[in-house]
Amino acid sequence: MPHHPHLIVPAGPDPVRFTSPSSGRNNPVQLPERNRVQHAQNLIARLQAAAETAQTRAEEQKAFGLDDGLGIYLTFQSEPNFDLKFESLDMTRSGVELCTMKTTPDNRTQATVFVPDGKLDLFLRKVTAYRDKMTKPRQEDGPTRPQNQDLVESISEIQLAALEALWTETDTPFPGVDISITWEVWLRRSNDVDQLARLRAHAPAFNLAVGAQTVSFVDRKVVLVRGAGRDLSRSIDILGMIAELRLPKTTADFFTQMTEIEQHEWVNDLAGRAVPPPAGAPYVCLLDTGVAHEHPLLAPVASAADMHTYKPAWGLHDWKDHGTPMAALACFGDLTDAMASAGPVALTHHIESVKIVHPQDHHEPDLYGAVTQESAYRVETAPDRRRVFCMAVSATDGRERGRPSSWSAAVDSLATGTEEEDSRLIILSAGNSDLEQRALYPDSNMTDGIHDPAQAWNALTVGGFTNKVQIDAARFPGWVPLAAEGDLAPASCTSMTWGKWPIKPDIVMEAGNMGRNPGIADPDYIDDRLQMLSVSRNFATGRPLTSFGDTSAATALAARLAATVWAKYSDLRSETVRALLVHASDYTPAMLARFTDGNGVVDLRGLVRCFGHGTPNARKLLSSLDNSLTLISESEIQPFFKDDADEQKRVKTREMRLHPLPWPTAALTDLGNTEVIMRVTLSYFVEPSPGARGWTPRYGYQSHGLRFAVRNPLESVAAFQQRINRFGRDETYEGAGLSDPGWRFGYANRSLTSIGSIHSDLWRGRAVDLASRGHIAVYPTMGWWNKRPHLEGWKKSAPYSLVVTIETPSVETDIYTPVANVLGIPVITEVET
């Protein structure tokens, strides 16, 4: 069947004023029984004791030479198994700042708050008002309650905060105050005080050493500090600049022992057939161990000017034979296919490299978020390139379990860009499972979590599956493949143990396999047939080819696909390329079988936490067919505005976008009851706020959320808008009352797909029903842009990409041409390669 380019809708729709149909009301706080007067007096006594300490502390701070930024830290705690209304402890306008929120082993909620000098009276007034005053009834004869009841009755204890109160690692015990270690210090942001400059200036007085690298977020700055906990604690008492403490990251030992591959002359043959990329071609930038760019297969795509290193003393060479095979896979794919071909091999993109890890620095902790950001900026001295960042470096401790880290948040910040910078496409490895546990495959994979920073919301995270199941029985008798064809690769990590965090990995790519033998305890990389073929850094002194696999290889292959998309569709945004890779993915029979029970019911949560959205189909990624049409629409939305007409000047949702997509209505209607497929993918990037202050909407990680809704069959456009948009309703609106079966996930499984910054779903149904579904709305949901109005995120607009495919897989009918004609786009038939 003829291939055609995807159809790009030339302009986005006009905005439509939007109000969410949900009430927006919070669940009531669960409060313990309290004796009102006695409880108030207990809390007042604790606050008065804290006030005496605050006075002493302020005098010490002034004696130290500080005149501003003075204050103390207090910890507020709930009763076991009860809520703490911690959001009410954050009084931004008064400088009172919620720093951390966590849960203790006995299930108390514990919040640590910085209270500026002179502001402790705010809490005393709230507790006194609770004791002495009642609220005004909302209506005549309505109920009243003590003022500030939810806040005050949720508090069981107030005390001065110890250093441990700022420790937010959930799976790692607090190191103690007597040992000297490197701390990842999250500094508060202040309009009055440069907290980092203050820390650097006074650190020697506290026997602390402050690292040079920093990562900045909207309300936090992260830096590494080395010193004893006792000294750090004293610095907090005096300087008052720290919001939270974590452990820094170390890089993963993700390199495996590679076997050599034969036939040196193959390289010369393929190098002679390789056609260099054309002018203006995109780049894959590898953040890795360096690249041996002189290799005959890399020379056409990698120049010396595009090789960089984070620290000049490291040099440019590939010290571990990892970046070099990554580079070849990112350009050629599995060299097995290219070597077996006979004709020219057209290359579509170039290679850049930044060496970001080196064995000399393994013993020194680095702030890898800063390393990643600075490395990206380094290659952007060549600013006008379309660039795919590819990184297979990760941490192996797994302690985040989906929670944002300084590294993952730095990746998200880098991807989002700024008003002056374009967004960036960043592809990350999900990380490799523990080699020592692979005898327990696949059970061990289900508990071996995605590695930091691959939990980044805006990155495309790549896990692994495998189709490599051939083993040379003559050479390796008794050995069989560990993973079945199409199933989870032995090296792939999953997010099965995560709570309510985004789907990761996003996709899976070929990651190779291992062999197992009933007479041998552990599986092994026994046969090179189970891996991919790539190039080696040792080409000058040894064999130029090597086997390569695991999730590093999968990540390089995904980067290759992304660059290939940009080579064909050069004007697409980063958000769109990411969307297409997810959109073109689906599950193999083995993936579905793994999570389908005896009754045919698919465990959707297990499916997406293990395989993401599946593995991409290259044809669907790059081309449409007569009976498989992909529409791409790039637009933007301003999610929020400050309502000056509102008495409280609240920030509210502003607009939605209603996409009236060109739809082959007549062709679909003629197909009647024929089964057809529609897939919808929405991709956007969020601005991160990673501080550990509780993941409620106000302190949520994401700046905003976007969702899509599709018009139901038999639903008018007006009824569709009223169903999803309360602003469009009038007094006659009686509710939607329409179900919409046929979606893979749908409303019933929205919790699986609603977290994150990419959302994709697939619908199967009758062609005649699809004929009337050509309207898709994109609308905003909450985030810190609207919940923290003082940061003025509500003024910002959010780009997004909407990708829609409709296909009639069982019927060869032309639905492409009618839509191309409506858009005024010539129908081009591509030459199949």
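Conventions adopted
- Residues numbered from 1 in each chain as written.
- Predicted model: local features only at pLDDT ≥ 70, side-chain atom pairs only at ≥ 80, totals over all residues.
- Heavy atoms only, no water.
- Pairing = 2+ DSSP bridges.
- Helix = DSSP H or I, 4+ residues; strand = E, 2+ residues; numbered from the N terminus.
- Axes fitted to C-alpha atoms, helices over the stretch in contact; angles between N-to-C directions.
- Contact = heavy atoms within 4.5 Å.
- Parallel < 35°, antiparallel > 145°, perpendicular 65-115°, else oblique.
- Buried < 20%, exposed > 50% of the residue type's maximum accessible area, 1.4 Å probe, protein only.
- Polar contact = N/O pair within 3.5 Å; in protein donor to acceptor, adjacent residues only side chain to side chain.
- Phe/Tyr/Trp six-rings, centres within 6.5 Å; stacked < 30°, edge-to-face > 60°.
- Lys NZ or Arg CZ within 6 Å of the ring centre and 35° of its normal.
- Core = buried A, V, L, I, M, F, W, Y, C linked by side-chain atoms within 4.5 Å.
- Salt bridge = Lys/Arg side-chain N within 4 Å of Asp/Glu carboxyl O.

Draft legend 1. Quick look at the sheet that holds strand 6 (residues 109–116). Pairing within the open sheet is antiparallel, and its 4 strands lie in the order 5-6-4-7. The sheet terminates laterally at strand 5 (97–103) and strand 7 (157–160), the two strands that pair on one side only. The sheet shows a mean angle of 20° between the axes of neighbouring strands, taken without regard to direction. Both strand 4 (residues 71–77) and strand 6 contribute to a ladder of 7 bridges, which runs antiparallel. Looking across to strand 6, one finds that Leu-74 is bridged to Val-113. Each of strand 4 and strand 7 touches helix 1 (residues 36–63); the most contacted strand, strand 4, lies at about 155° to it.

Draft legend 2. Spatial organisation of the packing of helix 1 against helix 5 (residues 229–239). Between helix 1 and helix 5, the least distance of the axes is 8 Å, while the angle of their chain directions is 95°. In terms of orientation, helix 1 lies roughly perpendicular with respect to helix 5. Across the interface between the two elements, Arg-57, Glu-60 and Gln-61 from helix 1 touch Arg-234, Asp-237 and Ile-238 from helix 5.

Draft legend 3. Examining the pairing of strand 29 (residues 628–637) more closely. Most of strand 29 is tucked away, with 8 of its 10 residues classed as buried. In this sheet, strand 29 lies alongside strand 2 (residues 7–8) in parallel orientation, the contact comprising 2 bridges. Of the residues in strand 29, the one forming a bridge with Ile-8 is Ile-632. Taken together, the 10 bridges between strand 29 and strand 37 (residues 798–807) define a ladder with antiparallel strand orientation. Residue pairing in the sheet places Ser-635 in a bridge with Tyr-800 of strand 37.

Draft legend 4. Quick look at the environment of Ile-632. Its location among the elements puts Ile-632 in strand 29. The spacing of Ile-632 and Thr-681 is 49 residues in sequence and 9.8 Å in space, taken between C-alpha atoms.

Draft legend 5. Structural view of the sheet that holds strand 8 (residues 180–188). Strands sit in the order 9-10-8-11 across an open sheet of 4 strands; the sheet is antiparallel. In this open sheet, the two strands that pair with only one neighbour each are strand 9 (209–216) and strand 11 (242–246). Neighbour-to-neighbour, the strand axes of the sheet open up by a mean angle of 30°, direction not taken into account. Two strands pair when backbone bridges link them, and strand 8 and strand 10 (residues 220–228) are joined in this way by 9 bridges, in the antiparallel orientation. In the strand pairing of strand 10, Thr-182 is matched with Arg-226.

Draft legend 6. Quick peek at the side chain of Asn-786. Positionally, Asn-786 belongs in helix 21 (residues 784–787). Judged by its relative accessible area of 8%, Asn-786 falls in the buried class. A polar atom in the side chain of Asn-786 sits 3.1 Å from the backbone nitrogen of Gly-783. Those residues in contact with Asn-786 that sit more than four places away from it in its chain are Phe-640 and Val-651.

Draft legend 7. Expanded view of the packing of aromatic side chains. Counting across every chain of the model gives 12 aromatic pairs. The lysine or arginine in question, Arg-36, covers the ring of Tyr-130, its NZ or CZ lying 5.9 Å from the ring centre. The residue whose ring lies beneath Arg-385 is Tyr-283, and the NZ or CZ to ring-centre distance is 3.9 Å.

Draft legend 8. Summary view of the nonpolar core. By size, the foremost hydrophobic cluster in this structure holds 84 residues, and its most contacted members are Leu-631, Trp-663, Met-678 and Val-680. The element contributing the most residues to this core is helix 10 (residues 406–416), with 6 residues. Setting aside residues up to four positions removed in sequence, Met-678 forms contacts with Trp-663, Val-710, Trp-743, Asp-761, Leu-762, Trp-763, Leu-770, Arg-773, Val-804, Thr-805 and Ile-806. Counting residues in each nonpolar core, the second largest holds 64 residues, with Cys-390, Leu-545, Val-565 and Leu-580 among its members.

Draft legend 9. Just the pattern of salt bridges, in detail. Tallied over the full model, the rule gives 37 salt bridges. Among the salt bridges present, the one from Asp-150 reaches Arg-145, with a minimum N-O distance of 2.9 Å. The exposure class assigned to Arg-145 is partly exposed, which follows from its relative accessible area of 35%. Where Asp-646 meets Arg-650, a salt bridge forms, and the shortest distance between an N and an O atom there is 2.8 Å. Since its relative accessible area comes to 10%, Asp-646 is described here as buried. Judged by relative accessible area, which is 43%, Arg-650 ranks as partly exposed. Ionic contacts of the salt-bridge type, sharing partners, join the residues Asp-306, Glu-352, Arg-385 and Arg-387 into one network.

Draft legend 10. Summary view of helix 15 (residues 604–611). Across the 8 residues that make up helix 15, a large majority, 7, are buried. Two or three places before Arg-605, at the start of helix 15, stands the capping residue Asp-603, its side-chain oxygen 3.3 Å from that residue's backbone nitrogen. The first or second residue beyond helix 15 is Gly-612, which carries a positive phi of 60°.

Draft legend 11. Fine view of unusual backbone geometry. Residue Pro-442 is reached from Tyr-441 by a cis peptide bond, and omega for that bond is 0°. The residue Pro-442 is located in the loop between strand 18 (425–429) and helix 11 (443–447) in this model. Even without being glycine, Asn-148 reaches a positive phi, approximately 60°. Residue position: Asn-148 is located in the loop between helix 2 (121–132) and helix 3 (149–154). Taking relative accessible area as the criterion, Asn-148 reaches 28% and is therefore assigned partly exposed.

Draft legend 12. Geometry of the pairing of strand 13 (residues 283–288). For strand 13, the buried fraction is high: 6 of the 6 residues fall into the buried class. Both faces of strand 13 are covered, namely the face carrying Tyr-283, Cys-285 and Leu-287 and the face carrying Val-284, Leu-286 and Asp-288. Direction of pairing for strand 13 relative to strand 17 (residues 387–391): parallel, over a ladder of 5 bridges. Bridge pairing in strand 17 links Cys-285 to Phe-389.

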